[in-house]
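One-letter residues, chain by chain:
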Number of protein chains: 2
Amino acid sequence: MKQEDLIFFKNKLNDRCKTDIDTLENYGHDETENLVFLPSVVLIPESTEEVSEILRYCNTHLIPVTPCGARTGLSGGALPVKGGVLLSMERFSKIISIDENNLQVTTEPGVITEVLQNAVAEKGLFYPPDPASKGSCFIGGNISENSGGPKAVKYGVTADYVLNLEVVLPSGEVIWTGANVLKNATGYNLTQLIVGSEGTLGIVTKIVLRLLPKPTKDLLMLVPFFSAEKACAAVPEIFKAGVIPSAMEFMERDAIDWTLKFVDDLSISIQPEHQAHLLIEVDGWDESVLLNDCERIAEVVADFDCDEILFAETQAQKEGLWKLRRKVGEAVKSHSVYKEEDTVVPRYELPRLLKGVKEIGNTYGFKSVCYGHAGDGNLHVNIIKGDLDERTWKEELPVAIREIFELTVQLGGTISGEHGIGWVQKEYMDIAFGKTELQLMHSIKQLFDPNTILNPGKIFPDSTENH
Amino acid sequence: MKQEDLIFFKNKLNDRCKTDIDTLENYGHDETENLVFLPSVVLIPESTEEVSEILRYCNTHLIPVTPCGARTGLSGGALPVKGGVLLSMERFSKIISIDENNLQVTTEPGVITEVLQNAVAEKGLFYPPDPASKGSCFIGGNISENSGGPKAVKYGVTADYVLNLEVVLPSGEVIWTGANVLKNATGYNLTQLIVGSEGTLGIVTKIVLRLLPKPTKDLLMLVPFFSAEKACAAVPEIFKAGVIPSAMEFMERDAIDWTLKFVDDLSISIQPEHQAHLLIEVDGWDESVLLNDCERIAEVVADFDCDEILFAETQAQKEGLWKLRRKVGEAVKSHSVYKEEDTVVPRYELPRLLKGVKEIGNTYGFKSVCYGHAGDGNLHVNIIKGDLDERTWKEELPVAIREIFELTVQLGGTISGEHGIGWVQKEYMDIAFGKTELQLMHSIKQLFDPNTILNPGKIFPDSTENH
């Protein structure tokens, strides 16, 4: 970056323009593997106007801009892979208004998802999407990646709650994508074009979300299975029985084992013969209805060779079980170098996906730990490096991952359910989409961002980008 | 249209290429006012390949193509305003498969919505969106306009059920927009870009929808109010009390009166002092829960000056009340020449919208009959010609409508909730969106359809189209 560019930014933002090496290193990574890319400068704007000025300048001077939230992403969406400006939205940390009359909240993107959830919960309202990182991730990042989480199975993903967005385009122009309404048949859906676009089309500066009344009751059960495939096979049968759980999480044996070691304050004992667990929650307003639901679920899983069900009896036990589930990712990460794939298929295809992943692992000689949101057919496949040599890891793994994704697509699924494509999955996009679809998407990118300044190097395979 | 074009189509489609005047007139209108535009030819393809060949030919020869479904639309989306080809999707009438394991249905676009609903209901499954025209409209048309209906308040609109679409682009290329999964963070959301695009970006030839388990119980109540504004004011309070009804319909006095005359087999008596009614449904699996919900609703509405609530006690009574609601549009239409506006605001703003509409009516001297989906803040404003002279109707009404829409947008809403913009609302698009947003949308149109052959003259104000 040229000296004059730095001077421009420094003059605009003073100490919110940072170039010291500690800051650059700190902002050079997210939670994706061990990847680090240094930006030339970290800018921390605090108003839409500042974002607009920065983008206008960078667009004119062809400076790459990578936006970031809390940098908890798992696909490298926030990595400044082309250097330039790292634009941190951390100062956009205000919940602007909670509208109890219309069940809506207007917020800035740099609010931590759980902080937002708690703020609306205080008014009896409910913002359901709850990615595992909800205690640290930003709502703006959730919108960029279209995050899910356990509750998606009943309540849907981030996209399903976004009504309207204020977005700064690469030109510096500011738009609102929609209106603050539950139904909208007015022109093209710019809102949903921005959601999940991973910061490649514009910078979100204000967000209007719809809310629900907050259910007052929930019940949680942990079901152990003697076979992981049978655990998966039980999942669609629960829905067919007419129950829509508010969470339906799958954990393979190793996922729980490793996490139990990692979280030392949990007093849950797992039997060695249990190969997998389903963590199932139901929620609502009426305890007798929920008990009924639990009974129906228990009847269904009994046909799939499960062992005795653990019902969480206290709030502490519920929190313990959820902590166990939420910490799986971290536990796997601390165990070994790994690579996480965010596969998603129609839920009935889960057993076939799981079986296929293990077979591919056997062929290529890697071990995987699988867990995730079984109710959505969303399986996180954690491929463990363990003692694989560097050559195999670097050269053969991508071939194996390609096979996993091809299987996913064959089963009617796709290559990311909730983590996004970002930097690490982009070379697999040709598996999910044909040339025409990819070219359409890339043309949309060029339309919004003709100079390719915004989060360059993401989503599209290099071959498309250089097209 | 040139003779050689007609010969090409005739050779391709034989008797599914029609040019007789009766057919042209028949396909020259939808349900929008009394508008008729004659196409040069009506083509009735029956395969994706045929649609592709037709589009490729028309794209090369710059022939306008207006797709149509069942022509029940209310914004003129299916009117062939530029002549050319009227492409009827009526032969795409097959439900391809109902996937009970994954709660999905794959269908062609020319299936009547209610036929689809009944087919999945036979398997205990539920496709909720239920526009008033569900007995005649096509699911493909619902996707083009992002249709809603009474159940949207609890279950969402058409967009919320669309997982994946096969679409023929104007170039003749065929794409799939997504995958058959509940969560998708893989590239830009082409699916939601097509939904609600009113046939201007591509022709939908296959549709994958998600389904729900079908609730087994419902209760229906009709609540009379002495004031229409108070009826509207009661609406948000019901949600705030923690109840999400499966329908929450508002009908002004005249709407019911006119419909009662129109539907002669209903034995419902409406008191002269009742100014408006709310028709409220709750659904679920447990009757005691629903009775509880009804009690809470009754407690809430009691504070808004309502009269005695009618609970539907038999299935016949329920059907009668729903028939009453569904026939309102038709009844108004048979009463007088009218113009329908599909306003939508955050639901708490409904009383202000209603009051404003009446005030604008007083200023310009027109009467309006209002009804609609109060739970979504979606109010259908039917402006009645009555004995207004032609000049007032033609020249002053657009000014009044502009005021109504400006009010809608001031209240946080927009100019169409579920009918689309189509032909009749396009000159109001500048109220809902600024120049930059409109230009972005128009650039997306150009990207998909560089020769502007597909449903030309729709959505965009003439000034944008000619930009």
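Residues numbered from 1 in each chain as written. Chains lettered and ligands numbered in written order. Predicted model: local features only at pLDDT ≥ 70, side-chain atom pairs only at ≥ 80, totals over all residues. Heavy atoms only, no water.

So, the overall build of chain A: which residues are in play, and what are the values?
The helix and strand tally for chain A stands at 17 helices and 18 strands. Here the C-alpha radius of gyration of chain A, 22 Å, is about what a compact globule of 467 residues would show, namely 23 Å. Considered along the principal axes of its C-alpha atoms, chain A spans approximately 70 × 60 × 45 Å. Sequence separation of at least 24 residues holds for 73% of the intrachain contacts in chain A that already meet a minimum separation of 6. For chain A, the accessible area works out to roughly 16,700 Å², and carbon and sulfur atoms hold 47% of it. On chain A, the mean spot of the 44 positive side-chain charges and the mean spot of the 69 negative ones are 3 Å from each other. (Helix = DSSP H or I, 4+ residues; strand = E, 2+ residues; numbered from the N terminus. Rg over C-alpha atoms; globule rule 2.2 N^0.38 Å. Contact = heavy atoms within 4.5 Å. Areas by Shrake-Rupley, 256 points an atom, 1.4 Å probe, with all protein chains shown as cover. Lys, Arg positive; Asp, Glu negative; His and termini not counted. Charge placed at Lys NZ, Arg CZ, Asp CG, Glu CD.)

How would you explain the relation of the copies chain B and chain A if you had to name every residue and give the values?
A rotation about an axis combined with a shift along that same axis relates the two copies of the chain. Mapping chain B onto chain A is achieved by rotating through 180° and translating by 0.0 Å along the same axis, at an RMSD of 0.0 Å. These values place the two chain copies in the arrangement generated by a two-fold rotation axis. Of the residues that chain B buries at the interface, 100% are likewise interface residues in chain A, meaning the two copies contact each other through the same surface. (Least-squares fit on C-alpha atoms with pLDDT ≥ 70 in both.)

I'd love a proper account of the domain arrangement of chain A, names of residues and values included.
All names here are of chain A. Partitioning chain A into structural domains gives domain 1 (3-88), domain 2 (95-213), domain 3 (217-329), domain 4 (336-426) and domain 5 (427-465). Each of domain 3 and domain 4 has a C-alpha centre, and these two points are 23 Å apart. Tallying the contact residues gives 20 residues for domain 3 and 19 residues for domain 4. Interface area lost by domain 3 to domain 4 is led by E229, F250 and E252, which between them contribute 30%. Linking domain 3 to domain 4 there are 2 salt bridges. (Domains from an automatic or database assignment. Buried area = accessible area lost by both parts, 1.4 Å probe. Salt bridge = Lys/Arg side-chain N within 4 Å of Asp/Glu carboxyl O.)

Quick one: what's the story with the pattern of salt bridges, residue by residue and with numbers?
Across all of its chains, the model carries 62 salt bridges over all chains by this definition. Of the charged contacts in the structure, one is a salt bridge between K183 of chain A and E418 of chain B, with a shortest N-O distance of 2.7 Å. Of the two residues, K183 of chain A sits in the loop between β9 (174-176) and α7 (190-194) while E418 of chain B sits in the loop between α14 (390-410) and α15 (429-432), which places them in two different chains. Across the pair, E418 of chain B and K183 of chain A agree in class, each one buried. (Buried < 20%, exposed > 50% of the residue type's maximum accessible area, 1.4 Å probe, protein only.)

Help me get a handle on a nonpolar patch on the surface, residues and values and all.
Taken together, the side chains of I21, V36 and L38 of chain A make up a nonpolar region of the molecular surface, amounting to roughly 260 Å² of accessible area. With respect to the helices and strands, V36 of chain A occurs in the loop between α2 (21-26) and β2 (41-43). (Patch = residues over 30% accessible without salt bridge, like charges linked within 9 Å, V, L, I, M, F, W, Y side chains within 5 Å.)

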